[in-house]
Amino acid sequence: MRKSFDEVLKYTEYAMKTISQKSMTDEEKEVFIKETRHNFNTHINPGFLEYRKSAGADDMAMEWMANGDTFTDLHGNTYIDCLGGFGAFNCGHRHPKVVETVANQLAKQPLSSAELIDANRSLLARILADVTPGDLQYTFFTSSGTESVECALKMATLATGRHYYVAFKGDFHGKTHGALSLTSKEHFRGPFLPLLQGTRFAPFGDLDYLTKMLDTLEFIGELPAAIVYEPIQGEGGVNIPPDEWIPGIRKLCDQYGIMMVADEVQAGMGRTGYLFATDYSNVAPDILCLGKSISGSVVPLSACVCSEKAFKGMFPDPLLHSTTTGGNPLATSAGIAAFNVILSEDLCGRAKKSGAIFMEGLEKLHQKYPKLLTTYRGRGLMIAMEFCDGDKGYEVVYEAFNKKLLLSGSLINAKTIRIEPPLNITEEHVRRALVILDESMAIVYEKHFK
Ligand SMILES: Cc1ncc(COP(=O)(O)O)c(C=O)c1O
């Protein structure tokens, strides 16, 4: 219900004071947590207070501060962050270089008119052209991963004159209408059907199936504009395709004149031990979607990086596809710093090294609790633990959270639990995370299997 401007003004002052506060008295904390829960219940979505994949509904943990590979709740409990913003915190929380670069830009001009030419967008686009594989050259910047996929679909249609798309079972590409059409889980699609017409799904990693499918689509005159794939499925549960699959997609795209679109919103920016997960296959897509960690883990940013062949439809009218705030000076300053940090601190190498320690530890846990932790897999710091069922997976996550380790479920499912920490997680925290997992699994094992 509407309130007087005076009342609203007072509330903004209260809110701004809390933002500037570094600490609170115990009394202030209780009031503030109550207030936040009330606002979630009344103005965001009451469902969030009931449904949480990582922590129990009754838990009062409220994120307050973050640093490196940890965050601290309002009560002062510090957690090791092995959820890592589902791939958004590759540089760690508040990396000083990113924060400094963003602060420098903030002091000059955070948002531009979007009418004149602005420098940061061009600097970052140049960096992207220099680090991405093949002949990727032109970048359209957006703010969220799903928007980068939207852009890719439109570019593919412009480049080919076709209107259909192919994606894969288990894929997640976002939740705006176009991207949702390629997101595979019925739970998210069902209420919004029909989505983009003519979208087809093939089994992930099955080259024979895809080959036959395209042969049929050519025969019936319904070849797609794009094949959109995740080089490693993230939300789907860290599924790694056979080695021949991605080079096979490249061949099929060349054969049928289809745009090959790699969605690396989650797997990109060093997470798998390679700057881009597609690099593992030594293959270049026509379009590369980036998001999450291109933000430097500080200001949201995403990017759709295209070859000239894929992008040239935008030359005659550069506003054919546009967004007012995508690629703003603040976000692109964060993106520039993100590449500086990833390259100068060898975050790809660190992801490989820490990933190997996790895998070794998970093998031991699998041996120790075989009925509970049925398998595990991963590349770099994109790792999944597979539990015997979702309930027991959730119990492990719950126990781990109580021991101050945050983990992540996948596609509304706790059977597969992901480990995706910042790439600069310390070795001490990797080993501590493994100890917490051991203790948590021991509790659940004792309860159900002894
Ligand atoms: C592979 C992939 N693509 C797209 C998206 C959508 O990104 P956003 O949530 O920023 O819209 C995600 C999000 O998890 C993702 O993992």
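It should be emphasised that the depicted structure is a prediction, and the values quoted were computed from it without experimental measurement.

## Focus on the nonpolar core
Nonpolar side chains tend toward joint burial in soluble globular proteins.
Phase 1: Ala152, Ala156, Ala226, Val261 and Ile287 are the most contacted members of the largest nonpolar core, which totals 113 residues.
Phase 2: Ranked by residue count, the leading element in this core is helix α13 (residues 329-344), at 8 residues.
Phase 3: For this core, the two domains that each supply at least three residues are domain 1 (52-81 + 347-449) and domain 2 (96-344).
Phase 4: With sequence-adjacent residues up to four places away left out, Ile287 is seen in contact with Ala152, Met155, Ala156, Met259, Val261, Cys304, Cys306 and Ala310.

## Topic: the site of the ligand
Phase 1: Neighbouring the ligand are 15 residues, the closest being Gly145, Thr146, Gly174, Val265 and Gln266.
Phase 2: Here the shell around the ligand gets 3 residues from one element, more than from any other, and that element is helix α7 (residues 145-160).
Phase 3: Taken together, the residues of the shell around the ligand sort by class into 4 nonpolar, 8 polar and 3 charged.

## What about the domain arrangement of the chain?
Many analyses report the size of an interface as the accessible area lost when the parts associate.
Phase 1: Under the domain assignment, the chain is made up of domain 1 (52-81 + 347-449) and domain 2 (96-344).
Phase 2: The gap between the C-alpha centroids of domain 1 and domain 2 is 28 Å.
Phase 3: Every contact between the two is made by 19 residues of domain 1 and, on the other side, 18 residues of domain 2.
Phase 4: When residues in the side of domain 1 that touches domain 2 are grouped by element, the largest group, 5 residues, is from helix α14 (residues 347-368).

## Considerations on the pairing of strand β8 (residues 259-263)
Phase 1: Buried residues dominate β8, accounting for 5 of its 5 residues.
Phase 2: Residues Met259, Val261 and Asp263 point to one face of β8 and Met260 and Ala262 to the other, with burial holding for every one of them.
Phase 3: Looking at chain direction, strand β7 (residues 226-229) and β8 are connected through 4 bridges and run parallel. Bridge pairing in β8 links Ala226 to Met259.
Phase 4: After leaving β7, the chain enters helix α11 (residues 245-256) and then returns to the sheet as β8, a path that is right-handed.

Analysis parameters
Residues numbered from 1 in each chain as written. Predicted model: local features only at pLDDT ≥ 70, side-chain atom pairs only at ≥ 80, totals over all residues. Core = buried A, V, L, I, M, F, W, Y, C linked by C-beta atoms within 7 Å. Buried ≥ 20, exposed ≤ 12 C-beta atoms within 10 Å, placed from the backbone. Helix = DSSP H or I, 4+ residues; strand = E, 2+ residues; numbered from the N terminus. Domains from an automatic or database assignment. Contact = placed C-beta atoms within 7 Å. Near = placed C-beta within 6 Å. Nonpolar A, V, L, I, M, F, W, Y, C, P; charged D, E, K, R; others polar. Pairing = 2+ DSSP bridges. Right-handed = clockwise from strand over helix to strand, strands pointing away.

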